[in-house]
Amino acid sequence: IWKRHLSWALTDGGDLRAYLTQRFSSSMVFMSLILGAELQVLFNSAVITTEIRAALASQRHEDLRFWIGIIIIVSVALT
């Protein structure tokens, strides 16, 4: 990818580095917003999220709320 775009990059690829850095930082901002939203869902004080946390704490594997909590935790870990 570097050799292909070197033709439009000035001064040893400075423009390409600036573009890639800007793209990376905007992706990180977007991912941090998603992470914040997921954590707010998990730690919200609503009744359903309290039930999800209770199912996780008591390790009720047969409860659907337990698996919803596991999916949220995995989503947070992957984000």
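See the structure above.
Residues numbered from 1 in each chain as written. Predicted model: local features only at pLDDT ≥ 70, side-chain atom pairs only at ≥ 80, totals over all residues. Heavy atoms only, no water.

## Describing the overall build of the chain
Okay, step 1: A tally of regular secondary structure across the chain gives four helices and zero strands.
Okay, step 2: When the helices and strands of the chain are read in sequence order from the N terminus, they spell out α-α-α-α.
Okay, step 3: The proportion of buried residues among the 79 residues of the chain is 19%.
Okay, step 4: Counting contacts in the chain only where the partners sit at least 6 residues apart, residues at least 24 apart contribute 26% of the total.
Okay, step 5: Only carbon and sulfur atoms are counted for the fraction: they give 68% of the accessible area of the chain, which is about 6200 Å². (Helix = DSSP H or I, 4+ residues; strand = E, 2+ residues; numbered from the N terminus. Buried < 20%, exposed > 50% of the residue type's maximum accessible area, 1.4 Å probe, protein only. Contact = heavy atoms within 4.5 Å. Areas by Shrake-Rupley, 256 points an atom, 1.4 Å probe, with all protein chains shown as cover.)

## Points about the packing of aromatic side chains
Okay, step 1: Taken as a whole and judged by the stated rule, the model has one aromatic pair.
Okay, step 2: Ring centres 5.0 Å apart and planes at 85° place the aromatic pair Phe66 and Trp67 in the edge-to-face group.
Okay, step 3: The class for Trp67 is partly exposed, based on a relative accessible area of 43%. (Phe/Tyr/Trp six-rings, centres within 6.5 Å; stacked < 30°, edge-to-face > 60°.)

## What about the pattern of salt bridges?
Okay, step 1: Counted by the stated rule, this structure contains three salt bridges.
Okay, step 2: Two residues, Glu51 and Arg65, come together in a salt bridge whose shortest N-O distance is 2.7 Å. Taken as a pair, Glu51 in helix H3 (residues 47-57) and Arg65 in helix H4 (residues 64-78) lie far apart in primary sequence, 14 residues in all.
Okay, step 3: Using a relative accessible area of 32% as the deciding quantity, one classes Arg65 as partly exposed.
Okay, step 4: Within the structure, one salt-bridge network assembled from shared partners comprises Glu51, Arg60, Asp63 and Arg65. (Salt bridge = Lys/Arg side-chain N within 4 Å of Asp/Glu carboxyl O.)

## As for a nonpolar patch on the surface
Okay, step 1: On the surface, Leu64, Trp67 and Ile68 cluster together into a nonpolar patch covering about 310 Å² of accessible area.
Okay, step 2: Topologically, Ile68 is positioned in helix H4.
Okay, step 3: For Ile68, a relative accessible area of 35% gives the class partly exposed. (Patch = residues over 30% accessible without salt bridge, like charges linked within 9 Å, V, L, I, M, F, W, Y side chains within 5 Å.)

## Comments concerning the environment of Ala54
Okay, step 1: Note that Ala54 resides in helix H3.
Okay, step 2: Given a relative accessible area of 38%, Ala54 falls into the partly exposed group.
Okay, step 3: Measuring from C-alpha to C-alpha, the distance between Ala54 and Gly69 comes to 9.8 Å, with 15 residues separating the pair along the chain.

## Here's the deal with the side chain of Thr49
Okay, step 1: Following the sequence through the fold, Thr49 ends up in helix H3.
Okay, step 2: Under the relative-accessibility criterion, Thr49 is labelled buried at 8%.
Okay, step 3: In this structure the side chain of Thr49 is engaged in a polar contact, spanning 3.0 Å, whose partner is the backbone oxygen of Ala46.
Okay, step 4: Sequence-distant contacts of Thr49, defined by excluding residues within four places in its chain, comprise Val41, Leu42 and Asn44. (Polar contact = N/O pair within 3.5 Å; in protein donor to acceptor, adjacent residues only side chain to side chain.)

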